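As a plain string of letters, each chain reads:
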Amino acid sequence: MAILLFADHDNATLSDPTLRALTAAAKMGGEIDILVAGKGADAVAAAAAILPGVRAVIQAESDALEHRLAEPAAALIQSLMGGYDTLVAPATTTGKNVLPRVAALLDVMQISEITEVVGPATFKRPIYAGNAIETVEATDAKRVVTVRTASFDAAQPGAGNALVNSVEAADAGDLSRFVENILSASDRPELGSAKIIVSGGRALGSDEKFQSTLSPVADKLGAAVGASRAAVDSGYAPNDLQVGQTGKVVAPELYIACGISGAIQHLAGMKDSKVIVAINTDEEAPIFQVADYGLVGDLFEVLPQLEAQL
Amino acid sequence: MKVLVPVKRVVDHNVKIRVKADGSGVDLANVKMSMNPFDEIAVEEAVRLKESGAASEIVAVSVGPAQAQDVLRTALAMGADRAILITAEGTVEPLAVAKLLAAVVREENPGLVVLGKQAIDDDCNQTGQMLSALLGWSQGTFASKVEIAGERAKITREVDGGLQAIDISLPAVVTADLRLNEPRYASLPNIMKAKKKPLDQKTPADFGVDIAPRLKVLGVEEPAGRAAGVKVGSVSELLDKLRNEAAVI
Ligand SMILES: Cc1cc2nc3c(=O)[nH]c(=O)nc-3n(C[C@H](O)[C@H](O)[C@H](O)COP(=O)(O)OP(=O)(O)OC[C@H]3O[C@@H](n4cnc5c(N)ncnc54)[C@H](O)[C@@H]3O)c2cc1C
Ligand SMILES: Cc1cc2nc3c(=O)[nH]c(=O)nc-3n(C[C@H](O)[C@H](O)[C@H](O)COP(=O)(O)OP(=O)(O)OC[C@H]3O[C@@H](n4cnc5c(N)ncnc54)[C@H](O)[C@@H]3O)c2cc1C
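Residues numbered from 1 in each chain as written. Chains lettered and ligands numbered in written order. Predicted model: local features only at pLDDT ≥ 70, side-chain atom pairs only at ≥ 80, totals over all residues. Heavy atoms only, no water.

1. Section: the overall build of chain B
So the rule is basically this: Strands are runs of DSSP state E lasting at least 2 residues, helices are runs of H or I lasting at least 4, and numbering of each runs from the N terminus. The classification of residues rests on relative accessible area computed with a 1.4 Å probe and restricted to protein chains. Under 20% of the type maximum is buried, over 50% is exposed, and intermediate values are partly exposed. Contact between two residues is taken to exist if any of their heavy atoms lie within 4.5 Å; hydrogens are not considered.
Each helix and strand in chain B was counted, giving 6 helices and 13 strands. Its C-alpha atoms give chain B principal-axis dimensions of roughly 65 × 45 × 40 Å. By residue count, 55% of the 249 residues in chain B fall in the buried class. In chain B, 69% of the contacts between residues at least 6 apart in sequence involve partners at least 24 apart.

2. Notes on the site of ligand 1
Test applied: We define proximity as follows: a residue is near a molecule or strand when any one of its heavy atoms falls within 4 Å of that partner. Each polar contact in these results corresponds to two N or O atoms within 3.5 Å; when the atoms are within protein, one needs to be able to donate a hydrogen and the other to accept it, and residues that are neighboring in sequence are counted only if both atoms are side-chain atoms. Working definition of accessibility: Shrake-Rupley area with a 1.4 Å probe, residue cover restricted to the visible protein chains.
Neighbouring ligand 1 are 29 residues, the closest being Arg202, Ser228, Gln242, Ser261 and Asn280 of chain A. More than a single chain frames ligand 1: its nearby residues are located in chains A and B. Between ligand 1 and Arg202 of chain A there is a distance of 2.6 Å, counted from an oxygen atom to a side-chain nitrogen or oxygen. Across the complex, the protein chains shield 83% of the 990 Å² of accessible surface that ligand 1 would expose by itself. Of all the secondary structure elements, the ones that give two or more residues to the shell around ligand 1 are α6 (229-233), α7 (264-267) and α8 (299-309) of chain A together with α1 (37-51) of chain B.

3. Describing the sheet that holds strand β1 (residues 2-6) of chain A
Residue and element names in this part refer to chain A. Applicable threshold: By this definition, two strands are paired if DSSP reports at least two bridges between them. All axes here are fitted lines through C-alpha atoms, helices being fitted over the stretch that makes contact, and every angle between N-to-C directions spans 0 to 180 degrees.
An order of β5-β9-β4-β1-β2-β3-β10 is seen for the 7 strands of this open sheet, with the pairing classed as parallel. The strands lining the two open edges of the sheet, one partner per strand, are β5 (111-114) and β10 (163-167). With strand direction ignored, the average angle separating the axes of adjacent strands in the sheet is 25°. Across 3 bridges, β1 lies against strand β4 (residues 86-90) in parallel orientation. Bridge pairing links Leu4 to Leu87 in β4. Strands in contact with helix α2 (residues 42-49) are β2 (31-38), β3 (54-61) and β10; relative to β3, the strand with the most contacts, it is inclined by about 170°. Relative to β4, helix α4 (residues 93-105) is tilted by about 160°, and along the sheet it contacts β1, β4, β5 and β9 (143-147).

4. Overview of the sheet that holds strand β12 (residues 215-221) of chain B
Spatially, the 4 strands line up as an open sheet ordered β6(A)-β7(A)-β8(A)-β12(B), and their pairing is antiparallel. Looking at the sheet topology across the chains shown, the edges are occupied by β6 (116-119) of chain A together with β12 of chain B. Taking the axes of each pair of neighbouring strands and ignoring which way they run, one obtains an average angle of 30° across the sheet. Pairing of strand β7 (residues 122-127) of chain A with strand β8 (residues 132-138) of chain A, which is carried by 6 bridges, proceeds in the antiparallel orientation. Bridge pairing in β8 of chain A places Thr122 of chain A opposite Glu137 of chain A.

5. Quick look at the side chain of Asn36 of chain B
All names here are of chain B. Its location among the elements puts Asn36 in the loop between β3 (33-35) and α1. Its relative accessible area of 1% is what places Asn36 among the buried residues. Only 2.9 Å separates the side chain of Asn36 from the backbone oxygen of Gln118, close enough to count as a polar contact. Here Ile120 takes part through its backbone nitrogen, which lies 3.1 Å from a polar atom of the side chain of Asn36.

6. Here we look at the nonpolar core
Nonpolar side chains tend toward joint burial in soluble globular proteins. Quick note on the threshold: By nonpolar core is meant a set of buried Ala, Val, Leu, Ile, Met, Phe, Trp, Tyr and Cys residues that side-chain atoms within 4.5 Å join together.
Membership of the largest hydrophobic core comes to 89 residues, with the highest contact counts inside it found for Leu4, Phe6, Ile77, Leu87, Val98 and Ile114 of chain A together with Leu131 of chain B. In terms of residue count, helix α3 (residues 94-108) of chain B provides more of this core than any other element does, 10 residues in total. Core analysis: the next-biggest nonpolar cluster, separate from the first, contains 44 residues, Leu69 of chain A together with Val7, Ala153 and Ala194 of chain B among them.

7. So, the site of ligand 2
Residue and element names in this part refer to chain B. The local shell around ligand 2 holds 26 residues, among which Lys8, Asp39, Val63, Val92 and Thr127 are the closest. Gly116 has a polar backbone atom sitting 3.2 Å from an oxygen atom of ligand 2. Separating an oxygen atom of ligand 2 from a backbone N or O atom of Cys124 is a distance of 3.1 Å. Compared with its free state, where it exposes 930 Å², ligand 2 has 86% of that area covered by protein.

8. Details of empty space enclosed by the protein
Summary: where empty space remains is shown by rolling a probe the size of a single water molecule over the atoms. Formally: Only protein atoms enter the calculation, which uses a 1 Å grid: trapped sets of points that fit a 1.4 Å probe without letting it out are cavities, open sets showing protein on both sides within 12 Å along at least five of seven lines are pockets, and any residue with an atom within 4 Å of a point is a lining residue. Grid points are joined across faces, edges and corners, and a volume is the space filled by probe spheres set on the points. Residue polarity follows a fixed list, in which Ala, Val, Leu, Ile, Met, Phe, Trp, Tyr, Cys and Pro are nonpolar, Asp, Glu, Lys and Arg are charged, and the others, Gly among them, are polar.
Applying the stated criterion across every chain yields a total of 2 cavities of 30 Å³ or more. Empty space within the largest cavity amounts to approximately 120 Å³. Looking at the largest cavity, it is lined by 14 residues, and the ones nearest its centre are Tyr128 of chain A together with Asp12, His13, Val15 and Ile120 of chain B. For the lining of the largest cavity, the class distribution of residues is 8 nonpolar, 4 polar and 2 charged. Along its surface, the second largest cavity is lined by Leu69, Ala70, Glu71, Asn97 and Ser176 of chain A together with Gln139, Thr141, Arg157, Gln164 and Ile166 of chain B.

9. Observations regarding the packing of aromatic side chains
Rule in force here: Pairing of aromatic rings covers Phe, Tyr and the six-membered ring of Trp, with a centre-to-centre limit of 6.5 Å; geometry is then stacked below 30 degrees between planes, edge-to-face above 60, and tilted otherwise. Here, a charge over a ring is recorded when the distance from Lys NZ or Arg CZ to the ring centre is within 6 Å and its angle to the ring normal is within 35 degrees.
One pass over the structure, following the stated rule, counts 0 aromatic pairs over all chains. Directly above the aromatic system of Phe288 of chain A lies the positively charged group of Lys231 of chain B, at a separation of 4.6 Å from the ring centroid.

10. A word on the environment of Pro204 of chain B
Residue and element names in this part refer to chain B. Looking at the secondary structure, you find Pro204 in the loop between β11 (199-202) and β12. The buried category is assigned to Pro204, whose relative accessible area is 11%. Separated by 15 residues in the primary sequence, Pro204 and Gly219 have C-alpha atoms spaced 27 Å apart.

11. Points about the pairing of strand β14 (residues 254-258) of chain A
Residue and element names in this part refer to chain A. The buried fraction of β14 amounts to 5 of the 5 residues, a majority that puts the element mostly inside the structure. Going residue by residue along β14, you find Leu254, Ile256 and Cys258 tucked away on one face and Tyr255 and Ala257 tucked away on the opposite face as well. Alignment of strand β12 (residues 196-200) against β14, held across 5 bridges, turns out to be parallel. For Ile197, the partnering residue across the bridge sits in β14 and is Tyr255. The sheet contact formed by β14 and strand β15 (residues 275-280) spans 5 bridges and is parallel. Each bridged residue has a counterpart across the sheet, and for Tyr255 the counterpart in β15 is Ile276.

12. What to know about the pattern of salt bridges
For side chains bearing opposite charge, pairing can occur when the charged atoms are close. So the rule is basically this: Salt bridges are identified by distance alone: a Lys or Arg side-chain nitrogen within 4 Å of an Asp or Glu carboxyl oxygen.
Considering all chains together, one arrives at 34 salt bridges over all chains under this definition. Between Arg55 of chain A and Asp33 of chain A there is a salt bridge, and its shortest N-O distance comes to 3.0 Å. Pair noted here: Arg55 of chain A is in strand β3 and Asp33 of chain A is in strand β2, with a separation of 22 residues, a long-range link. Relative accessible area serves as the criterion here: at 40%, Arg55 of chain A is assigned to the partly exposed category. A residue is classified by how much of its surface remains accessible, and Asp33 of chain A, at 4% relative accessible area, is buried. Across the pair Asp167 of chain B and Arg177 of chain A runs a salt bridge whose closest N-O atoms are separated by 3.3 Å. Residue Asp167 of chain B is found in strand β9 (residues 162-169), and its partner Arg177 of chain A is found in strand β11 (residues 176-183); the two belong to separate chains.

Here's what the structure looks like:
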């Protein structure tokens, strides 16, 4: 029994979701190798080598793998899977893009976004926007699993001393080419690993007000900023801030929902937060049903006061 | 260019589902069903491609029970030209759906397949990627913009850090994200017209595809609930609770 973990990274640093997926992989039992596919990603391979419980790091370098596009990445993983019976990746947009492609190439049904490892082939995963939790057992010879990272702690680097082996990347032709990344620049913590998240909804009213009202509080708390779908659709916040069933799933120590009604699709992305605060003018808003502390009030008055008292 | 749009019949997104008392699944009796919201976006994109002249014909396909005809009629009312229903009862996993869709693609030869990025019931987010793999095609997932240019397409994708643009060869599989477009409502005359558009019925056996599930569902349970919280009267009271009771700041 051996597990291949498909690392998520940007060719410079190994991502926090990878460390969390490693924790999930370790619970499945078996030897774990980490695949670092990229270009100029030596630092990532070195970071993977010192993770605890890792047998080997497999490094594949090529132009086609620089951005881990689905077609070359899946072809590479398929070529390696002879030596493994389980493939694991964090459910980042890269993991979600690549793993089902590998699963189909292997004729295996994928298990998406597990939140608990029950046994080597048995997992829990949320369905219906987290309103039900399904326990599933895979019956295929190999398993392909994505991990909901909010449900697992990050493995602590330092304890490991794995060898880094190079492999040749398979040629996947010219099906897709990278054009550009238009990434949101932010000095704030990542949503997925932030301890505190200040999140804004439709009530913020504009791009400027979203910034000017939430940023001062987030800055004081060292928090990440999140948003509801309504705020993203209205153009108040970029798409990568969306929290929810079809955005990011987060579980910080503290989630402050400001002017968010609490639709089931939003709750699906944040209801496992340790402490939830809701600020809303409508005392009947569903968000109060999941909030530990609710404050009925106008966020444009409450947030400046909060900032002043922090 | 022909465009194929797979649409799934799912529990309406406004319904709060209940887990059956015996833990065998989710109670779907008498629950309102609708087209998966992401598939409405996929149909809309196909219709816009046709309106712009990039697409010539739109074929909607669904795998599901006989009632899945309703979502196909909705797709036809939005602007699809014809529909194919592959009837199957019970669980059809994404891998089996992808195999059925691949068989349809081989018969229909579309230049583009547009799916939703995920179905809001099982939240698998797999079918499009699997279909692309089975066909050996390129894939543009989580698309927020699709620009067709001759033999290739530029796809802008919603990714964790923002947006990513890729250039893919056609034929291709594209999966729709929330901000690709705002789907239209079908007008009454179009709903009437849709009733006369062709809808073929097939079975998995017609395509020789084995749809037996690969995953065994051992049980379904309610998620852990949250204990009821309290309302606070002021910002200072809130901060006091966060500092001293919850100790999170
Ligand atoms: C397929 C699908 C997927 C979806 N995925 C997601 C997802 O991933 N994430 C997500 O968030 N949503 C998602 N949604 C949308 C979801 O259903 C809701 O529409 C959305 O979450 C609403 O956002 P909101 O709470 O900001 O806006 P609203 O529901 O309009 O709520 C605004 C709230 O602000 C309050 N308010 C107004 N003024 C003030 C003020 N001055 N001070 C304080 N409070 C004020 C109001 O009382 C109200 O409660 C999805 C929907 C579908 C159909
Ligand atoms: C009545 C009924 C009850 C079910 N009960 C269960 C259950 O209890 N547990 C369980 O695990 N599964 C159940 N299923 C099966 C479940 O529907 C499949 O797992 C599903 O078809 C694939 O998962 P997904 O839709 O989340 O795929 P995704 O990969 O998330 O879907 C992405 C896209 O693929 C396309 N697509 C997906 N399915 C279809 C389809 N059938 N026809 C056309 N296009 C499609 C759509 O464009 C969709 O937006 C049930 C199905 C039915 C009909």
